[in-house]
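Residue-level listing of the chains:
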Amino acid sequence: MKKINIVLFGTGNVGSTVINQVLAAREKLQQEENLELNIPVIANSTTAFFVKQTVNRSWETNFSASGFPYKISDVIDYVTQQGYENLVAIDATASESFVDHYKLLIEQGFHVVAANKVANTLSSEFYEDLRKSLRKNGKFFYYETNVGAGLPIIQTLHGLYQAGEEITRVRGVFSGSLSYIFNTFSEESKSFSEVLTEAEKKGLTEPDPRVDLSGKDVGRKLLILARELKLKKELSEINIQDLVPKHLNGKSSLKNFQLKKHELDGDLEKLKADLEEDEVIRHVGELEIATGNLEVKLVKEKRTSAFGSLKNADSSFEIYTESYGEQPLVIQGAGAGAAVTARGVVADILRLSERLN
Ligand SMILES: NC(=O)c1ccc[n+]([C@@H]2O[C@H](COP(=O)([O-])OP(=O)(O)OC[C@H]3O[C@@H](n4cnc5c(N)ncnc54)[C@H](O)[C@@H]3O)[C@@H](O)[C@H]2O)c1
Ligand SMILES: N[C@@H](CCO)C(=O)O
């Protein structure tokens, strides 16, 4: 039986769902694939919980009762003492600083699966350095959920690129959160801030929704795709329409933003009032390969158009290539949400496990 040992960082919406999905799939994987997925360590920003083999369905209670403050070195020492094989670190945090541990984890024997987009969107130098470290240590890095949550965007684009296909343009509603927000705001007579609160409660937004509203999250996704296509780009080079007023971002706290988010309502109400009867607002990202132009913006779309008819938290990605010609390859479906994202993380773990002994 092949054994995979998962160390999961981030027990929020996505991370906790990953644990539950792995536990639910364990028996079937053992019987059908001869594969044993264990989760001996789970950790959030302050607390870790270690067990000998794997956490069980009472993990939340056990984590609260027996978790303890930890440092990353405690986790490494523990898995080393236990002699675990096939170690996989899952980054289900949204942390800007957790990625500083990747190199150490890789050097200490971990493969990495990340829902967190930060590692792929820091400087090109960090990006290349991380890949050098993976090659040097014979480790793998999977991050399909970085773009389109559970949708197979990165693997599709990567496969086309590797196969020699000329990709000319990628255009899409990249953000599941903003899709939900603008789909709902365009249709219903609720204020923008009310709809935003709804999206937050449904676990569709980033932990800090300003990361979505500022366009940074979609900017990150564009950058990740651009880098898959070997374009040398930085986040600062993307033209991003920012929906958050300056005084509510930057040094201003998340708490202050939550108190004052109704200040966004005026501008967005005005945009909505300017729509024709057959139009809706959509948040799109565009990547033009020939010019290297990456752009994130709000647009007006006809209700009947491909993007105009999107529902719920659906994302839609149009990939224009030489062989597909005028009609792009389209990938569409829920672009945010804990269940679909966690499923994408579990699928990454399984793809990774196929490459391990
Ligand atoms: N929610 C979605 O639809 C979706 C889709 C695709 C990708 N993602 C990505 O998944 C990640 C998690 O999103 P979420 O909605 O579950 O967030 P969340 O806020 O619900 O959970 C984040 C978790 O990370 C933990 N954490 C923070 N800093 C940490 C650190 N330094 N070390 C260990 N743990 C730390 C927190 O304690 C918390 O448990 C984000 O990077 C997000 O961009 C989310
Ligand atoms: N906030 C993100 C979650 C998935 O990364 C989105 O809307 O797409």
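The structure this text deals with has already been given above.
Residue numbers here run from 1 along each chain, matching the order of that chain's written sequence. Lettering for chains starts from A, numbering for ligands starts from 1, and both go in the order in which the items are written. Since the coordinates come from a predicted model, pLDDT governs what is reported: local features require at least 70, and pairs of side-chain atoms require 80 or more to be given and counted, while whole-chain, interface and lining totals use all residues. As a rule here, side-chain values cover all heavy atoms of the structure and leave hydrogens and water aside.

Here a residue counts as near a molecule or strand whenever at least one of its heavy atoms sits within 4 Å of it. Around ligand 2, the neighbouring residues are Lys117, Phe174, Ser175, Gly176, Ser177, Leu204, Glu206, Asp212, Asp217, Lys221 and Gly335. Each polar contact in these results corresponds to two N or O atoms within 3.5 Å; when the atoms are within protein, one needs to be able to donate a hydrogen and the other to accept it, and residues that are neighboring in sequence are counted only if both atoms are side-chain atoms. One of the side-chain N or O atoms of Ser177 is found 2.3 Å from an oxygen atom in ligand 2. Contact between ligand 2 and Glu206: a nitrogen atom at 3.0 Å from a side-chain N or O atom of the residue. Using a 1.4 Å probe, the Shrake-Rupley method yields the accessible areas, and only the shown protein chains count as cover for residues. Its free accessible area being 250 Å², ligand 2 has 93% of it covered by the protein chains. Sorting the residues of the shell around ligand 2 by element identifies helix 7 (176-187) and helix 10 (216-228) as the ones contributing at least two each. Think of it as three bins: nonpolar holds Ala, Val, Leu, Ile, Met, Phe, Trp, Tyr, Cys and Pro, charged holds Asp, Glu, Lys and Arg, and polar takes everything else, Gly as well. Residue classes in the shell around ligand 2 are distributed as two nonpolar, four polar and five charged. Only DSSP runs of H or I with at least four residues qualify as helices, and only runs of E with at least two residues qualify as strands; both kinds are numbered from the N terminus onward.

Here we come to the nonpolar core. For the purposes of this section, nonpolar cores are sets of buried Ala, Val, Leu, Ile, Met, Phe, Trp, Tyr and Cys residues that join through side-chain atoms within 4.5 Å. Burial classes follow relative accessibility: with a 1.4 Å probe on protein chains only, a residue under 20% of its type's maximum area counts as buried, one over 50% as exposed, and anything between as partly exposed. In terms of nonpolar packing, the biggest core is built from 55 residues, with Phe9, Tyr102, Phe141, Leu225 and Leu287 touching the most fellow members. Sort the elements by how many residues they give to this core and helix 10 lands first, with six residues. Discounting chain neighbours no more than four positions away, the residues touching Tyr102 are Asp91, Val112, Ala114, Ala119, Leu130 and Phe141. Judged by nonpolar contacts, the second largest core, of 30 residues, contains Ile4, Ile6, Leu29 and Phe49. Between two residues, a contact is recorded if the distance between any of their heavy atoms is within 4.5 Å.

This next bit is on the sheet that holds strand 6 (residues 110-114). Spatial ordering of the open sheet is given by 4-3-2-1-5-6-7, a layout of seven strands whose pairing is mixed. Across the chains shown, the open sheet's two edge strands, defined by having one partner strand only, are strand 4 (68-69) and strand 7 (141-142). Paired strands, as defined in this entry, are two strands with at least two bridges between them according to DSSP. Relative to strand 5 (residues 87-91), strand 1 (residues 2-9) runs parallel, the two being bridged by five bridges. Paired with Phe9 across the two strands is Asp91, which belongs to strand 5. In this fold helix 2 (residues 59-66) packs onto strand 2 (35-43), strand 3 (47-50) and strand 4, with an angle of close to 115° to the strand it touches most, strand 3. Across the sheet, helix 3 (residues 72-82) is in contact with strand 1, strand 2, strand 3, strand 5 and strand 6; its angle to strand 1 comes to roughly 165°. Convention adopted: a line fitted to C-alpha atoms gives each axis, helices being fitted over their contacting stretch, and angles between N-to-C directions are expressed from 0 to 180 degrees.

In this section: the packing of helix 6 (residues 153-162) against helix 10. Describing two packed helices takes the angle between their axes plus the distance from one axis to the other. Axis separation between helix 6 and helix 10 bottoms out at 9 Å; the angle between their running directions is 25°. By the angle class used here, helix 6 and helix 10 are roughly parallel. As for the relative orientation of helix 6 and helix 10, their crossing is right-handed in sense. Contact residues: helix 6 offers Ile153, Ile154, Leu157, His158 and Tyr161, while helix 10 offers Ile224, Leu225 and Glu228. Residues of the contact of helix 6 with helix 10, tallied by class, amount to six nonpolar, one polar and one charged. Relative orientations are named as follows: roughly parallel for angles under 35 degrees, roughly antiparallel for angles over 145 degrees, roughly perpendicular for angles from 65 to 115 degrees, and oblique for any other angle. Crossing handedness is defined as follows: a turn of the near helix away from the far one that is anticlockwise and smaller than a right angle gives a left-handed crossing, while the clockwise case is right-handed.

This next bit is on the packing of aromatic side chains. Here a pair means two rings of Phe, Tyr or Trp (six-membered ring of Trp) with centres within 6.5 Å. Their orientation is stacked below 30 degrees between planes, edge-to-face above 60, and tilted elsewhere. Using the criterion set out here, one finds ten aromatic pairs in the structure. Residues Tyr102 and Phe141 carry aromatic rings whose centres are separated by 5.9 Å and whose planes lie at 80° to one another, so their mutual orientation is edge-to-face. Here Tyr102 is found in helix 4 (residues 102-107), whereas its partner Phe141 is found in strand 7, with 39 residues between them in sequence. Judged by its relative accessible area of 1%, Tyr102 falls in the buried class. Both rings, one in Phe174 and one in Phe317, keep their centres 4.8 Å apart while their planes meet at 70°; by these two values the pair is edge-to-face. One end of the pair, Phe174, is in the loop between strand 8 (167-173) and helix 7; the other, Phe317, is in strand 12 (residues 314-321), with 143 residues separating them in the sequence. In this pair, the class of Phe174 matches that of Phe317, namely buried. Among the aromatic residues, those joined into a ring-pair cluster are Phe9, Phe98, Tyr102, Phe141 and Tyr143.

The next point concerns the site of ligand 1. Ligand 1 sits among 23 residues. The nearest are Asn13, Val14, Thr93, Glu206 and Gly337. Between ligand 1 and the protein, one listed contact pairs an oxygen atom with a backbone N or O atom of Asn13 at 2.9 Å. Here a nitrogen atom of ligand 1 and a backbone polar atom of Asn44 are 3.4 Å apart. Contact with the protein chains covers 84% of the free accessible surface of ligand 1, which is 840 Å².

Counting buried positions over the five residues of strand 5 gives five, a clear majority of the element. With five bridges connecting them, strand 5 and strand 6 associate as parallel partners. Among the inter-strand pairings, Leu87 is bridged to a residue of strand 6, identified as Phe110. Orient the strands so they point away from the viewer, and a crossover whose first-strand-to-second-strand path over the helix runs clockwise is right-handed. Between strand 5 and its parallel partner strand 6, the chain crosses via helix 4, and the hand of that crossover is right-handed.

Below, the discussion takes up the pairing of strand 2. Of all nine residues making up strand 2, nine are buried, and the element is well covered by its neighbours. Note that strand 1 and strand 2 share seven bridges and pair parallel. For Ile4, the partnering residue across the bridge sits in strand 2 and is Leu37. What joins strand 1 to strand 2 is helix 1 (residues 13-33), and the crossover it makes is right-handed. Summarising the sheet, strand 2 and strand 3 pair through three bridges and their orientation is antiparallel. Residue pairing across strands places Val41 opposite Phe50, the latter belonging to strand 3. Taking the residues between adjacent antiparallel strands as the criterion, strand 2 and strand 3 are bridged by three residues.

With that out of the way, let us pick up the pattern of salt bridges. For salt bridges, the criterion is a side-chain nitrogen of Lys or Arg within 4 Å of an Asp or Glu carboxyl oxygen. All chains considered together, the criterion is met by 23 salt bridges. Across the pair Glu206 and Lys117 runs a salt bridge, and its minimum N-O distance is 3.3 Å. You can see Glu206 sitting in the loop between helix 8 (192-201) and helix 9 (210-213) and its partner Lys117 sitting in the loop between strand 6 and helix 5 (124-137), a full 89 residues away along the chain. A relative accessible area of 9% places Lys117 in the buried class.

Any link to function would need more than the numbers given here.
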